[in-house]
Amino acid sequence: MNAPELDPMDVKILGILQDEGRLPSTTIALRTGLTEGQCAERIFRLELDGHIGGYTIIRNYPDPATRPISALIRIVQASGRTGHDLQRSMESVPEITTAELVDNDHTFLLRLQVPDLDRLEKITTFFKVQSAVLALDVSTTQPLFCHRLTPQTIGS
């Protein structure tokens, strides 16, 4: 089942939430001209349709010792597997911020934020022992910058 197309009001709401993700629906309603009920209903529908997947904070870490470790895990799935079990396993790991399937080659790319290398090792081991995993590579990364979509590009 396909999600309904975004209309201009949906795009406006997503843009507002992208900039200030924890605004109450009353404030968003004021900014969009909707009633509070209409606004809350749209936000709920956008969540159900998968346009809003969660609410996140972005922090600066003045003490590098408290900064989470960024990592990429590349998983090659054994051929002949559907990947459903592996995807369910991915959903159970809260440190995974993004999971992507590389164009039809049975490879998944996972981006993680973990508190320490011990946790990264536990997650890596969790995936290595799964029967659907043919190969697994891990790299830690240092984020240099992050581009956020501007509201005008959402749905374009």
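Scoring rules and cut-offs
- Think of each chain on its own: its residues are numbered from 1, step by step along the sequence as written.
- Local features are withheld for residues below a pLDDT of 70 in this predicted model, meaning they are given only at 70 or higher, and side-chain atom pairs are given and counted only at 80 or more; totals for whole chains, interfaces and linings count all residues.
- Side-chain measures here rest on the full set of heavy atoms in the structure, leaving out hydrogens and waters.
- What counts as a helix is a DSSP run of H or I of at least four residues, what counts as a strand is a run of E of at least two, and both are numbered from the N terminus.
- Any two residues whose heavy atoms approach within 4.5 Å are treated as being in contact.
- For every accessible area listed, the method is Shrake-Rupley and the probe measures 1.4 Å; residues are considered covered only by the protein chains on display.
- At least two DSSP bridges between two strands are needed for those strands to be called paired.
- Axis lines are fitted to C-alpha atoms, over the contacting stretch for helices. Their N-to-C directions set the angle, which ranges from 0 to 180 degrees.
- By nonpolar core is meant a set of buried Ala, Val, Leu, Ile, Met, Phe, Trp, Tyr and Cys residues that side-chain atoms within 4.5 Å join together.
- Buried means the residue's accessible area, taken with a 1.4 Å probe over protein chains only, is under 20% of the maximum for its type, while exposed means over 50%, and partly exposed covers the values in between.
- What pLDDT expresses is the predictor's confidence in each residue, scored from 0 to 100.
- The rule for a salt bridge is simple: a side-chain nitrogen of Lys or Arg has to be within 4 Å of a carboxyl oxygen of Asp or Glu.
- Here the expected span of a helix is defined as 1.5 Å times the quantity of residues minus one.
- The arc refers to the directions leading from the helix axis to the C-beta atoms.
- Residues adjacent in sequence count toward polar contacts only when both atoms are side-chain atoms; beyond that, a polar contact is any pair of N or O atoms within 3.5 Å, and within protein one must be able to donate a hydrogen and the other to accept it.

The next subject is the overall build of the protein. A count of helices and strands for the protein gives five helices and four strands. Mapped in sequence order, the helices and strands of the protein form the string α-α-α-β-α-β-β-α-β. Looking at the protein alone, contacts between residues at least 24 apart form 62% of all its contacts between residues at least 6 apart. For the protein, the exposed surface amounts to about 10,800 Å²; the carbon and sulfur share of it is 53%.

Let us look at the sheet that holds strand E4 (residues 133–141). Neighbouring strands of a sheet are bound in pairs by backbone hydrogen bonds; such pairs are parallel or else antiparallel. One open sheet accounts for four strands, arranged E2-E3-E1-E4; its pairing is antiparallel. Edge positions in the sheet fall to strand E2 (96–102) and E4, since each of these pairs with one other strand and no more. Adjacent strand axes in the sheet meet at a mean angle of 15° when their direction is disregarded. Sheet contacts for helix H4 (residues 84–91): strand E1 (69–77), E2, strand E3 (107–114) and E4; angle to E3, the most-contacted strand, approximately 10°.

All right, on to the nonpolar core then. Judged by nonpolar contacts, the single largest core of 16 residues is most densely connected at Ile-73, Ile-75, Leu-110 and Phe-127. Broken down by secondary-structure element, the contributors of at least two residues to this core are E1, H4, E3, helix H5 (117–128) and E4. Residue contributions to this core peak at four residues, all from E3. Among residues more than four places away in sequence, those in contact with Ile-75 are Leu-86, His-106, Thr-107, Phe-108, Leu-110, Phe-127, Val-133, Ala-135 and Leu-136. Leu-23, Leu-34, Cys-39 and Ile-52 belong to the second largest nonpolar core, which has 12 residues in total.

So, about the confidence of the model for the protein. On average, the protein scores 83 in pLDDT, and the residues at 70 or more come to 80%. Taken element by element, the predicted model of the protein shows its lowest mean pLDDT in helix H1 (residues 8–19) (87) and its highest in H5 (95).

For the rest of this paragraph, the subject is the pattern of salt bridges. Scanning the model with the defined rule gives eight salt bridges in all. Its salt-bridge partner being Arg-45, residue Asp-49 comes within 3.7 Å of it at the nearest N-O pair. The class of Asp-49 is partly exposed, set by a relative accessible area of 26%. For Asp-85, the salt bridge identified is with Arg-88, shortest N-O distance 2.2 Å. Taken together, the residues Asp-85 and Arg-88, both in helix H4 and three residues apart, mark about one turn of the helix. Take Asp-85: its relative accessible area is 44%, and that puts it in the partly exposed class.

On to the environment of Thr-125. Relative to the helices and strands, Thr-125 resides in helix H5. It is 9.8 Å that separates the C-alpha atoms of Thr-125 and Leu-136, two residues lying 11 residues apart in sequence.

It is worth spelling out H5 at this point. Because an α-helix completes one turn every 3.6 residues, residues spaced three or four positions apart along the sequence face the same direction. With 12 residues, H5 extends 16 Å from end C-alpha to end C-alpha; this agrees with the ideal 16 Å at 1.5 Å per step. Among the residues making up H5, those that are buried are Leu-120, Ile-123, Thr-124 and Phe-127. Along the axis of H5, the buried residues cluster in a sector spanning 100°; they form a single face. For H5, the side-chain oxygen to backbone nitrogen distance between the N-cap and Asp-118 is 3.2 Å, and the N-cap itself is Asp-116.

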